Amino acid sequence: MRVVRENGTTYQLIEYAGGGNLARRQNEYSGFVQDKWSVNGRLTFDLGLRYDRDQIGGQNNFAPRIGFAFLPTASGRTVVRGGVGLFYDKIPLNIGAFEQYPTQRVTTFAPNGVTVVDGPRLFRNTAPNNLKNPYSLAWNLQADHQVTERLLLRVGYEERQTHRDFIIEPDSRQNVLLLQNTGRSLYREFQAVARFRFQEGRNIFLSYVRSQARGDLNDYNTYFGNLRHPVIRPNEYGRQPFDAPNRLLFWGEFALPYDIVLTPVVDWHNGFPFSLLSEQQDFVGSRNGGGRFPQLFTLDVLVMKGLKIPFRGKKYKGRAGFTIFNITNHWNPRDVQNNLASPQFGTFYNSMGTSLRFKFEFVKY
């Protein structure tokens, strides 16, 4: 890969050396016990304990969880639910095989694009001797209140803290790419939901979510996943690329004549953040602090019709229909020119227009 300046000269050449023959074995073991304890008619606890072990991590991980449901009033119209738990992740094979990946070779050139000013440098892949399983501590609290027979209101809060994530850190002093087992992230969410039942078995929902997502940004899969990003800059802790502080969502099901069901979905949220880059592909300012994409708005509709299908003496029940995505053809770009040296800097691209998809499903009865 070449990093090219705005005038067309080469700033950096990134190549890979080595065969890249990967071999890693993995065995995984898990078990779970759970018990439900009803203290009385208004308070119930769910208790669980999960055990996990994988060959790469080599640790015995015990993850306790507890949840509860409480009826604060005798009417039963209000329910308070909550829980807290520890959750361990497995270590993927590609992380266990990190040191077997081809070595990155980086050559940096002078402004003329020809004279070598640094390198070629070989960045050796280096991993800790003892990899540990990432884990998350998560908890939530939620209250449901049945205002009327048709209207339900819900408010809730959840938080998830992740530790020991796998991140990549380049070290130009020692010429290594370090796989670090020290990544962390934090996600917080407040949600308010209203559900209205206007037909038997048919509901409409309106949801608002206020959230915050922060974490280490040199996630392993960004650079060594299915879609690898070859330019690796120092890690930062900051706003996640999927951070959208405000989201409003409406969806529901409407029964129409002739066994037709109409399901509209309206989705609006703040645009995702993006970073600013120099022509050397270095981050300018804080990562994901360069601005946000335009606000996203989509109106999608799913239309399904019930069918009865006789076949070889048997009867099958099916449904056929279609989905129209982004009916209003709202401008929802997915890419931005974030390179400060580009004449098109600040231009957004690649919005998905209106599209149509057909669907068919059937079950025997």
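Since we're looking at a predicted model, the values are computed, not measured.

What counts and what doesn't
Residue positions are given per chain, counting from 1 as you read along its sequence in written order. Per-residue local features of the predicted model are confined to residues with pLDDT of at least 70, and side-chain atom pairs are confined, for both listing and counting, to 80 or more; whole-chain, interface and lining totals are unaffected and use all residues. Heavy atoms from the whole structure form the basis of all side-chain values; hydrogens and water molecules are not counted. The secondary structure listing takes helices from DSSP runs of H or I that are at least 4 residues long and strands from runs of E that are at least 2 residues long, numbered from the N terminus. Note that the radius of gyration is over C-alpha atoms, with the globule rule given as 2.2 Å times the number of residues to the power 0.38. Classification of residues uses two cut-offs on accessible area relative to the type maximum, computed with a 1.4 Å probe and protein chains only: under 20% is buried, over 50% is exposed, and between them is partly exposed. Residues count as neighbours in contact if any of their non-hydrogen atoms are within 4.5 Å of one another. Here the Shrake-Rupley method, with its probe set to 1.4 Å, supplies the accessible areas, and only the displayed protein chains count as covering residues. We treat Lys and Arg as the positive residues and Asp and Glu as the negative residues; His and chain ends play no part in the count. Lysine's charge is taken at NZ, arginine's at CZ, aspartate's at CG and glutamate's at CD. Take a side-chain nitrogen of Lys or Arg and a carboxyl oxygen of Asp or Glu: if they are within 4 Å of each other, that pair is a salt bridge. Between the rings of Phe, Tyr and Trp (Trp by its six-membered ring), a pair exists once the centres lie within 6.5 Å; its type follows the angle of the planes, with under 30 degrees stacked, over 60 edge-to-face, and the other angles tilted. Ring-over charges, as used throughout, are those where CZ of Arg or NZ of Lys falls within 6 Å of the ring centre and within 35 degrees of the ring normal. We define a polar contact as two N or O atoms separated by no more than 3.5 Å, with the added condition that, inside protein, one atom must be a possible hydrogen donor and the other a possible acceptor, whereas residues neighbouring each other in sequence contribute only through side-chain atom pairs. Surface patches are defined over residues having more than 30% relative accessible area and no salt bridge, joining like charges when they lie within 9 Å and nonpolar side chains (Val, Leu, Ile, Met, Phe, Trp, Tyr) when within 5 Å. What is meant by a nonpolar core is a set of buried Ala, Val, Leu, Ile, Met, Phe, Trp, Tyr and Cys residues, joined one to another through side-chain atoms within 4.5 Å. When DSSP locates at least two bridges between a pair of strands, those strands are taken to pair.

**Quick look at the overall build of the protein chain**
Okay, so step 1: When you go through the protein chain residue by residue, the secondary structure sums to 2 helices and 25 strands.
Okay, so step 2: Its C-alpha atoms give the protein chain a radius of gyration of 26 Å, more than 25% over the compact-globule value 21 Å for 365 residues.
Okay, so step 3: Based on the C-alpha atoms only, the size of the protein chain along its principal axes is roughly 75 × 50 × 50 Å.
Okay, so step 4: For the protein chain, the residues scored as buried account for 35% of the 365 residues in total.
Okay, so step 5: Relative to all contacts within the protein chain whose residues are 6 or more apart in sequence, the contacts with residues 24 or more apart total 60%.
Okay, so step 6: Element-wise, carbon and sulfur atoms account for 55% of the exposed surface of the protein chain, whose accessible area totals about 21,300 Å².
Okay, so step 7: The average position of the 45 basic charges and that of the 31 acidic charges among the side chains of the protein chain differ by 7 Å.

**Re unusual backbone geometry**
Okay, so step 1: Of the consecutive residues Gly119 and Pro120, the connecting peptide bond is found in the cis state with omega at 5°.
Okay, so step 2: Positionally, Pro120 belongs in strand S8 (residues 116–126).

**What about the environment of Val84?**
Okay, so step 1: Within the secondary structure layout, Val84 lies in strand S6 (residues 78–88).
Okay, so step 2: With a relative accessible area of 38%, Val84 lands in the partly exposed category.
Okay, so step 3: Along the backbone, Val84 and Phe166 are 82 residues apart, and their C-alpha atoms lie at a distance of 24 Å.

**Observations concerning the pattern of salt bridges**
Proximity of charged atoms lets side chains of opposite charge pair with each other.
Okay, so step 1: Enumeration over the complete set of coordinates arrives at 16 salt bridges.
Okay, so step 2: Notably, a salt bridge pairs Arg154 with Asp144, separated by 2.8 Å at the nearest N-O pair. One end of the pair, Arg154, is in strand S10 (residues 151–171); the other, Asp144, is in strand S9 (residues 135–146), with 10 residues separating them in the sequence.
Okay, so step 3: In this structure Arg154 comes out as partly exposed when scored by relative accessible area, which is 30%.

**Observations regarding the packing of aromatic side chains**
Okay, so step 1: Going through the model one piece at a time under the given rule, you end up with 13 aromatic pairs.
Okay, so step 2: When the ring of Tyr51 is compared with that of Phe62, the centres are 5.1 Å apart and the planes differ by 45°; the resulting orientation is tilted. Here the residue Tyr51 occupies a position in strand S4 (residues 43–54), and Phe62 occupies one in strand S5 (residues 61–70), the gap between them amounting to 11 residues.
Okay, so step 3: Measuring from ring centre to ring centre gives 5.9 Å for Phe98 and Tyr220, while their planes differ by 70°; the resulting arrangement is edge-to-face. One end of the pair, Phe98, is in the loop between helix H1 (93–96) and strand S7 (103–109); the other, Tyr220, is in helix H2 (residues 220–224), and 122 residues separate them in sequence.
Okay, so step 4: Residue class for Phe98 comes out buried when judged on its relative accessible area of 1%.
Okay, so step 5: Chaining the aromatic ring pairs together yields one cluster made of Phe98, Tyr101, Tyr220 and Phe224.
Okay, so step 6: Sitting above the plane of the Tyr237 ring, Arg184 keeps its charged end 4.1 Å from the centroid.

**Remarks on the side chain of Thr298**
Okay, so step 1: Mapping Thr298 onto the fold places it in strand S21 (residues 296–311).
Okay, so step 2: You can call Thr298 buried: its relative accessible area is 14%.
Okay, so step 3: When neighbours within four sequence positions are excluded, Thr298 is seen to be in contact with Val265, Val266, Asp267, Asn326 and Asn332.

**Thoughts on the environment of Val261**
Okay, so step 1: Position of Val261 among the secondary structure elements: in strand S16 (residues 260–269).
Okay, so step 2: Accessibility expressed as a relative area gives 8% for Val261, which makes it buried.
Okay, so step 3: Apart from residues no more than four positions distant in its own chain, Val261 is found in contact with Arg202, Glu253, Phe254, Leu302, Val303, Met304 and Arg319.

**Notes on the side chain of Asp300**
Okay, so step 1: Mapping Asp300 onto the fold places it in strand S21.
Okay, so step 2: Arg247 is the oppositely charged side chain nearest to the buried, salt-bridge-free Asp300, at an N-O distance of 8.7 Å.
Okay, so step 3: For Asp300, the side chain forms a polar contact with the main-chain nitrogen of Asn326, separated by 2.7 Å.

**Thoughts on a nonpolar patch on the surface**
Okay, so step 1: A cluster of nonpolar side chains, Trp37, Val39, Leu47, Ile66, Val84, Leu137, Trp139 and Leu141, forms an exposed patch at the surface whose accessible area comes to about 680 Å².
Okay, so step 2: Counting only elements with at least two residues in the nonpolar patch, the list comes to strand S3 (28–40) and S9.
Okay, so step 3: If one sorts the elements of the nonpolar patch by residue count, S9 sits on top with 3 residues.
Okay, so step 4: Within the secondary structure, Leu137 is located in strand S9.
Okay, so step 5: Of the residues examined, Leu137 reaches a relative accessible area of 41% and is grouped as partly exposed.

**Comments concerning the nonpolar core**
Okay, so step 1: Counting residues in each nonpolar core, the largest one holds 21 residues, and the members touching the most others are Phe98, Ile168, Leu179, Tyr220 and Phe224.
Okay, so step 2: Elements with a minimum of two residues in this core: strand S2 (10–17), S10, strand S11 (176–199) and H2.
Okay, so step 3: Ignoring anything within four residues of it in the chain, the contact list for Leu179 reads Ile95, Phe98, Thr126, Ala127, Pro128, Leu131, Phe166, Ile167, Ile168 and Tyr220.

**Overview of the pairing of S3**
Okay, so step 1: Both S3 and S4 contribute to a ladder of 12 bridges, which runs antiparallel. Residue pairing across strands places Lys36 opposite Asp46, the latter belonging to S4.
Okay, so step 2: Counting the residues between successive antiparallel strands, the hairpin from S3 to S4 contains 2 residues.

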